[in-house]
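Structural description and commentary
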Amino acid sequence: MAIADVTVIPIGTETPSVSSYVADIQRVLKKYEESGKIRFQLTPMNTIIEGELPDLFEVIQAMHEVPFEKGLMRVATNIRIDDRRDVKRKMEEKVRRVESQLNR
């Protein structure tokens with residue numbers, strides 16, 4: 001199980017706001033989540049996606065395509081992947097692990 005931190009940056013929008021692009025991307029993610037391929041979490045600056053690595057790449061490509069589907073001609077997508085194969089941990093477990101260290 002891998003976790004990816006993904007930020008899709010639409011370039012050339014009419015206004016500084018990108019919330020409509022983010023909302024459309026979240027709708028795409030919801031479909032993948034409903035199919036059981038991923039879990040995801042929206043944050044103020046990015047989206048965290050959890051799943052098998054091949055599925056994550058498929059989902060990231062679908063996310064990247066959203067601004068193009070809305071008529072933009074340029075998109076930048078930043079991706080950071082944590083792929084640990086000796087232990088399977090969900091997003092929440094990683095956070096709890098750090099929090100347990102803080103409580104020592």
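Refer to the structure above for everything that follows.
So, here's what we can say about the structure.

What counts as what
- Residues numbered from 1 in each chain as written.
- Predicted model: local features only at pLDDT ≥ 70, side-chain atom pairs only at ≥ 80, totals over all residues.
- Heavy atoms only, no water.
- Salt bridge = Lys/Arg side-chain N within 4 Å of Asp/Glu carboxyl O.
- Helix = DSSP H or I, 4+ residues; strand = E, 2+ residues; numbered from the N terminus.
- Buried < 20%, exposed > 50% of the residue type's maximum accessible area, 1.4 Å probe, protein only.
- Pairing = 2+ DSSP bridges.
- Axes fitted to C-alpha atoms, helices over the stretch in contact; angles between N-to-C directions.
- Contact = heavy atoms within 4.5 Å.

So, about the pattern of salt bridges. Taken as a whole and assessed by the stated rule, the structure comprises 10 salt bridges. Between D5 and R80 there is a salt bridge, with its nearest N and O atoms 2.5 Å apart. Taken together, the residues D5 in strand β1 (residues 2-11) and R80 in strand β4 (residues 74-83) connect sequence positions 75 residues apart. For D5, a relative accessible area of 14% translates into the label buried.

Our focus in this paragraph is the sheet that holds β4. Here we have 4 strands laid out as an open sheet, ordered β2-β3-β1-β4, and antiparallel in their pairing. Lying at the two open borders of the sheet, with one neighbouring strand each, are β2 (38-42) and β4. Between one strand axis and the next, the sheet turns through 20 degrees on average, direction left out of account. Its contacts with the sheet put helix α2 (residues 53-69) on β1, β2, β3 (47-51) and β4, and the angle it makes with β1 is roughly 10 degrees.

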